[in-house]
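Given next are the chains, with one letter for each unit.
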Amino acid sequence: GENVEQHPSTLSVQEGDSAVIKCTYSDSASNYFPWYKQELGKGPQLIIDIRSNVGEKKDQRIAVTLNKTAKHFSLHITETQPEDSAVYFCAASMGSNYQLIWGAGTKLIIKP
Amino acid sequence: NAGVTQTPKFRVLKTGQSMTLLCAQDMNHEYMYWYRQDPGMGLRLIHYSVGEGTTAKGEVPDGYNVSRLKKQNFLLGLESAAPSQTSVYFCASRLPGTTGVEQFFGPGTRLTVL
């Protein structure tokens with residue numbers, strides 16, 4: 001079955017710097033790759049997603065890139081702010097029911 | 001809209017006790033999911049439902065049962081709780097099809113089994 005690996009498990013960056021979180025997936029049939037942000041004490045919330053027919057997608061300070069050949073995708077956050085501190089999860093899915101397989105999460109710490 | 005709500009928020013059980021977690025959504029979503037979240041392991045799917053009256057097993061279904069008698073509610077049951085079921089449980093829902101794939105999550109239930 002599908003397996004998603006996420007790195008690093010913890011990332012600490014200076015406010016204003018960029019942060020990059022990487023994920024790899026095992027099943028080449030996967031076609032949908034979302035990123036969720038989980039703030040302390042809350043459920044995850046979708047922040048950006050990408051489908052397999054697209055190589056890059058941006059939304060203001062966040063972007064996701066997908067390399068289908070290498071089977072990896074990355075989340076890029078530019079000009080980090082204190083409110084970006086959270087746990088970020090990548091996921092992958094395939095098929096019509098879009099059942100998600102999740103990475104283990106990355107705790108992002110923004111240092112003032 | 002309240003979105004996805006979960007009841008209770010916290011619960012402590014003794015080994016062997018039973019309980020039911022309730023998930024309710026007011027977005028008229030067809031699909032509903034139960035996940036457990038453990039440190040360093042991300043979210044793992046327990047059971048899911050693609051419509052009223054339907055349920056299916058996910059990645060880690062053993063020790064859990066579910067029911068979807070009403071479209072807006074999805075219940076997760078533990079018949080005989082074990083310490084290995086200590087976790088944070090999240091419910092999520094979404095629209096069917098290929099466009100509304102975003103999953104909307106509830107705030108979670110923190111369960112401790114002693």
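See the structure shown above.
Note that the coordinates shown come from a computational prediction; the quantities given were computed from them, not determined experimentally. (Residues numbered from 1 in each chain as written. Chains lettered and ligands numbered in written order. Predicted model: local features only at pLDDT ≥ 70, side-chain atom pairs only at ≥ 80, totals over all residues. Heavy atoms only, no water.)

*Asks:* How should the overall build of chain A be read in this particular structure?
*Replies:* Looking only at helices and strands, one finds 0 helices and 11 strands in chain A. Scanning chain A from its N terminus toward the C terminus, one meets helices and strands in the order β-β-β-β-β-β-β-β-β-β-β. Against the globule reference of 13 Å for 112 residues, chain A gives a C-alpha radius of gyration of 13 Å, in line with a compact fold. Along the three orthogonal principal directions, the C-alpha set of chain A runs to about 40 × 30 × 20 Å. Evaluated residue by residue, chain A yields a buried proportion of 44% over its 112 residues. As displayed, chain A offers around 5500 Å² of accessible surface, 48% of which is attributable to carbon and sulfur atoms. (Helix = DSSP H or I, 4+ residues; strand = E, 2+ residues; numbered from the N terminus. Rg over C-alpha atoms; globule rule 2.2 N^0.38 Å. Buried < 20%, exposed > 50% of the residue type's maximum accessible area, 1.4 Å probe, protein only. Areas by Shrake-Rupley, 256 points an atom, 1.4 Å probe, with all protein chains shown as cover.)

*Asks:* Looking at this structure, how should I read the sheet that holds strand S8 (residues 73-78) of chain B?
*Replies:* Paired through backbone hydrogen bonds, the strands of a sheet run either parallel or antiparallel to each other. All names here are of chain B. Taking strand neighbours across the sheet as the criterion, the 4 strands line up as S1-S3-S8-S7 in an open arrangement whose pairing is antiparallel. With one partner strand each, in any of the chains shown, strand S1 (4-7) and strand S7 (64-67) form the two edges of the open sheet. Going from strand to strand, the sheet's axes swing by 20° on average, the running direction of each strand aside. The pairing of S7 with S8 spans 4 bridges and is antiparallel. Of the residues in S8, the one forming a bridge with Tyr 64 is Leu 78. (Pairing = 2+ DSSP bridges. Axes fitted to C-alpha atoms, helices over the stretch in contact; angles between N-to-C directions.)

*Asks:* Explain the nonpolar core to me, please; I cannot follow it from the model alone.
*Replies:* Nonpolar side chains in soluble globular proteins generally cluster together in the buried interior. With 23 residues, the main nonpolar core has A:Trp35, A:Phe73 and A:Leu108 as its most contacted residues. Looking at this core, the elements that each hand over two or more residues are strand S2 (10-14), strand S3 (19-25), strand S4 (32-38), strand S5 (45-51), strand S7 (62-67), strand S8 (72-77), strand S9 (86-94) and strand S11 (106-111) of chain A. If sequence neighbours within four positions are ignored, A:Leu108 has contacts with A:Leu11, A:Val13, A:Ala19, A:Ile77, A:Asp84, A:Ser85, A:Ala86 and A:Tyr88. A:Tyr36, A:Phe89, B:Leu43 and B:Leu45 belong to the second largest nonpolar core, which has 19 residues in total. (Core = buried A, V, L, I, M, F, W, Y, C linked by side-chain atoms within 4.5 Å. Contact = heavy atoms within 4.5 Å.)

*Asks:* Just to check I follow, could you spell out the side chain of A:Gln6 for this structure?
*Replies:* All names here are of chain A. By the secondary structure assignment, Gln 6 is in strand S1 (residues 4-7). Taking the relative accessible area as the measure of exposure, Gln 6 reaches 7% and is therefore buried. At a separation of 3.3 Å, a polar atom in the side chain of Gln 6 contacts the main-chain amide nitrogen of Cys 90. A polar side-chain atom of Gln 6 sits 3.0 Å from a polar atom in the side chain of Thr 106. (Polar contact = N/O pair within 3.5 Å; in protein donor to acceptor, adjacent residues only side chain to side chain.)

*Asks:* Would you take a moment to explain the packing of aromatic side chains for this structure?
*Replies:* Note on aromatic pairs: each is described by the distance of the centres and the angle between the planes. All names here are of chain A. Evaluated as defined, the whole model comprises 14 aromatic pairs over all chains. Each ring, one from Tyr 25 and one from Phe 73, has its centre 6.1 Å from the other, and the planes form 55°; the classification is tilted. Here Tyr 25, found in strand S3, pairs with Phe 73, found in strand S8; they are 48 residues apart in sequence, far enough to count as distant. In this pair, the class of Tyr 25 matches that of Phe 73, namely buried. (Phe/Tyr/Trp six-rings, centres within 6.5 Å; stacked < 30°, edge-to-face > 60°.)

*Asks:* Where do I start with the sheet that holds S1(A) in this structure?
*Replies:* Residues and elements named next belong to chain A. Here we have 5 strands laid out as an open sheet, ordered S1-S3-S8-S7-S6, and antiparallel in their pairing. Edge positions in the sheet fall to S1 and strand S6 (56-59), since each has one partner strand and no second. For this sheet, the mean angle separating the axes of adjacent strands, direction not counted, is 15°.

*Asks:* How should I be thinking about the pairing of S6(A) in this particular structure?
*Replies:* Along a regular strand, successive side chains alternate from one face of the sheet to the other. Residue and element names in this part refer to chain A. When S6 meets S7, the two strands line up antiparallel, connected through 4 bridges. Bridge assignment links Glu 56 to a residue of S7, and that residue is Thr 65. Linking S6 to S7, which pair antiparallel, is a turn of 2 residues; within it Gln 60 sits at a positive phi near 60°.

*Asks:* Explain the state of the cysteines to me, please; I cannot follow it from the model alone.
*Replies:* Disulfides are covalent bonds that link the sulfur atoms of two cysteine residues. Within the structure shown, the criterion is met by 2 disulfides over all chains. One disulfide in the model links A:Cys23 with A:Cys90; its S-S distance is 1.9 Å. Linking A:Cys23 and A:Cys90, the disulfide has an S-S dihedral of approximately -100° and is accordingly described as left-handed. Here A:Cys23, found in strand S3, pairs with A:Cys90, found in strand S9; they are 67 residues apart in sequence, far enough to count as distant. Note on accessibility: A:Cys23 and A:Cys90 belong to one class, buried. Here B:Cys23 engages in a disulfide with B:Cys91; their sulfurs sit 1.9 Å apart. Every disulfide takes its handedness from the sign of the S-S torsion; for B:Cys23 and B:Cys91 that torsion is -75°, giving left-handed. Of this pair, B:Cys23 sits in strand S3 (residues 19-25) while B:Cys91 sits in strand S9 (residues 87-94), placing them 68 residues apart in sequence. (Disulfide = S-S within 2.5 Å.)

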